[in-house]
Amino acid sequence: MVIDTRTCIGCGDCVVACKTENNVPEGLNRDWVVEATRGTYPDLKTEFRSERCNHCSNPTCVTLCPTGASHLWKDTNIVLVEPEKCTGCKACIAACPYDARLVMHPDGYIDKCTFCHHRVEQGLDPACVSTCPTGCMHFGSLDDPHSKVSQLLKTRDHKVLKPETGNEPNVYYLT
Amino acid sequence: MTEELFVTARSNELIDPGLHIWTWEVAMYLFMGGLTAGAMIFAALAIARDKVQVAPFAATRLALFAPVLLSIGMTTLFLDLEHKLFVYRFYTAFTITSPMSWGAWILIVVYPISVLQILSTIRAGYPALASMVDKLAIGRMAVDWCERNRMQIALSVIPFAVALGIYTGILLSAFGARPFWNSGVLGILFLVSGMSTAAAMVVLVARQHAEKALFTRIDLVLILAEIGLVALMLISLASGSGQHINALQSVMGGPYTLEFWLFFVCIGLLIPLVIETLEISGLNKSLVMLAPVLVIIGGYALRQVVLDAGQESTWTHYETQYSSELLERLHEEDP
């Protein structure tokens, strides 16, 4: 996923779209928007970031899950949780350096961003991406050098959050 | 100046403002796991080193404490699970990269080994209980077999008990996302602390003066080792990356300073060290029963403070709500 921080206005539509699409339980969220302000007044710079699970290539939530409930979906880097295997031990919450593994479903299992894999399977974008009114969010395969996301990363300055965690996050922010 | 603030609510009490997923149930389990490991190790060593005369409680009675203590810990651990009906899922998988998975399987092995250890000394330690077991032919045969193989059982207990004691620390240190835990010393620290609390328990419960004196000396050595390990852990955090240094702040002036230095270091280590030293040197014996109580309190405090401070240590920090202080901070120069 690639998100253009220069186009994002922090409206929060991605958050609402996710809640609606995935029936996220009341009071909980799988994604959120952060406003980062840098500099010293009056020379300030603000960046909006729509954040969620980074679907890391080296997902510590998967390696530390004792039951295999946390897993990678069909050889992709999409990290999912199988409720029938989840004991609710919360190890994956502690294992995520981004604190993104956070929704405890009221039924007791861990719930999280799925990159809307049920939509991806049908060739659709995740709900947050398809709803974004400014079109700042892009979804696709980085293995395909011709995909929109690959092209954006080739042509624009970008970053990931805290690359020093070693988790190799896959949500990129254009700067 | 950098500040990162939520625009939309993340609203999860487990994460914001600080990660807080595990409470006393897990701390109690970590404590009981260590205590059980220590009890099994001392019971095995008393047999393996032929100390039945000088340490009759450790050699013949201590082993029975292990499954009881471990069961208390596992009960509190079960209370912590949010999806309790699926607890059996720990045993439909083995994840080699997950210390928690290793722990689940270690626990499964520890119980039967503990039963063998109990049976091998039950006639000497608990005659009334042994007579009940002996009433059944299969029970009698099992006790006979265990008594014949007492030494082999004792020797095979040690690696599994050590694994149990150490894994509770490795369980936490494997979380790279939690800098306070992310130290290789933690496994050994929890093992030594578990052995120290078990030695303290023997001092409290054993009847013979010679045995109490022996375990007081053992405990003194373990406390000294623990002090060294804690120092190493703090040094390793202090000399680590920014995340590690921030994590260390939580016990160096931060919210867990009192808990760490008063309950764990002073009450759990330094005061017992002084009392036990006075006792061994014969200067003061009036506080002889206080030291082991403090050691046990300190052992629990270690688990609780490490659990709490570790959870909150993090790579990411977001402000959860606007405040006038945030505006003030925007006037500050970058350091």
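Whatever comes next refers back to the structure up there.
Residues numbered from 1 in each chain as written. Chains lettered and ligands numbered in written order. Predicted model: local features only at pLDDT ≥ 70, side-chain atom pairs only at ≥ 80, totals over all residues.

1. Some points on the overall build of chain B
Then, in step 1: Scanning chain B from terminus to terminus reveals 13 helices and 1 strand.
Then, in step 2: Sequence-ordered secondary structure for chain B, helices as α and strands as β, is β-α-α-α-α-α-α-α-α-α-α-α-α-α.
Then, in step 3: Principal-axis analysis of the C-alpha atoms places the extent of chain B at approximately 80 × 55 × 25 Å.
Then, in step 4: The buried share among the 335 residues of chain B stands at 47%.
Then, in step 5: Partitioning the contacts of chain B with sequence separation of at least 6, the portion at a separation of at least 24 is 75%. (Helix = DSSP H or I, 4+ residues; strand = E, 2+ residues; numbered from the N terminus. Buried ≥ 20, exposed ≤ 12 C-beta atoms within 10 Å, placed from the backbone. Contact = placed C-beta atoms within 7 Å.)

2. Side note on the packing of helix α4 (residues 99–125) of chain B against helix α7 (residues 150–173) of chain B
Two numbers describe a pair of packed helices, the interaxial angle and the distance between the axes.
All names here are of chain B.
Then, in step 1: Closest axis-to-axis distance for the α4/α7 pair is 9 Å, and the angle between their directions is 150°. By the angle class used here, α4 and α7 are roughly antiparallel. When the axes of α4 and α7 are compared, the crossing they make is left-handed. Within the contact between the two elements, α4 uses Pro99, Met100, Trp102, Gly103, Ile106, Val109, Val110, Ile113, Leu116, Gln117, Ser120 and Thr121 and α7 uses Arg150, Ile153, Ser156, Val157, Phe160, Ala163, Leu164, Tyr167, Ile170 and Leu171.
Then, in step 2: In the contact of α4 with α7, the residues fall into 16 nonpolar, 5 polar and 1 charged. (Axes fitted to C-alpha atoms, helices over the stretch in contact; angles between N-to-C directions. Parallel < 35°, antiparallel > 145°, perpendicular 65-115°, else oblique. Left-handed = near helix turned anticlockwise from the far one by under 90°. Nonpolar A, V, L, I, M, F, W, Y, C, P; charged D, E, K, R; others polar.)

3. Describing helix α8 (residues 185–205) of chain B
Then, in step 1: Taking 1.5 Å of rise per residue, 21 residues should cover 30 Å, and α8(B) covers 30 Å from first to last C-alpha, within 8% of that figure.
Then, in step 2: Taking burial as the measure, the 21 residues of α8(B) include 17 buried ones, the bulk of the element. (Expected span 1.5 Å × (residues − 1).)

4. A look at the interface of chain B and chain A
Then, in step 1: In this assembly, 46 residues from chain B lie in contact with 47 residues from chain A.
Then, in step 2: Sorting the residues of the side of chain B that touches chain A by element identifies β1 (2–6) and α4 of chain B as the ones contributing at least two each.
Then, in step 3: Ranked by the residues each element gives to the side of chain B that touches chain A, the list is headed by β1(B), at 5 residues.
Then, in step 4: For the side of chain B that touches chain A, a count of residues per class yields 23 nonpolar, 14 polar and 9 charged.

5. Topic: the sheet that holds strand β3 (residues 43–51) of chain A
Then, in step 1: With antiparallel pairing, the 3 strands of this open sheet are ordered in space as β3(A)-β2(A)-β1(B). Each edge of the open sheet carries a strand with a single partner, namely β3 of chain A together with β1 of chain B. Taking the axes of each pair of neighbouring strands and ignoring which way they run, one obtains an average angle of 20° across the sheet.
Then, in step 2: Judged from the 9 bridges that link them, strand β2 (residues 32–40) of chain A and β3(A) form a sheet pairing that is antiparallel. Paired with Glu35(A) across the bridge in β3(A) is Phe48(A). (Pairing = 2+ DSSP bridges.)

6. Quick notes on the nonpolar core
Then, in step 1: Residues Ala39(B), Met40(B), Phe42(B), Ala43(B), Ala199(B) and Val202(B) are the most contacted members of the largest nonpolar core, which totals 148 residues.
Then, in step 2: Take this core: its biggest share by element is 17 residues, from helix α1 (residues 24–48) of chain B. (Core = buried A, V, L, I, M, F, W, Y, C linked by C-beta atoms within 7 Å.)

7. Considering the packing of α1(B) against α7(B)
All names here are of chain B.
Then, in step 1: Interaxial distance between α1 and α7 falls to 8 Å at its minimum, and their mutual angle equals 155°. When the axis of α1 is compared with that of α7, the two are roughly antiparallel. Remark: the crossing between α1 and α7 carries left-handed chirality. On the side of α1, the interface is formed by Leu30, Gly33, Gly34, Thr36, Ala37, Gly38, Met40, Ile41, Ala44, Ile47 and Ala48, while α7 contributes Arg150, Met151, Ala154, Leu155, Val157, Ile158, Ala161, Val162, Leu164, Gly165 and Thr168.
Then, in step 2: Broken down by class, the residue content of the contact of α1 with α7 amounts to 15 nonpolar, 6 polar and 1 charged.

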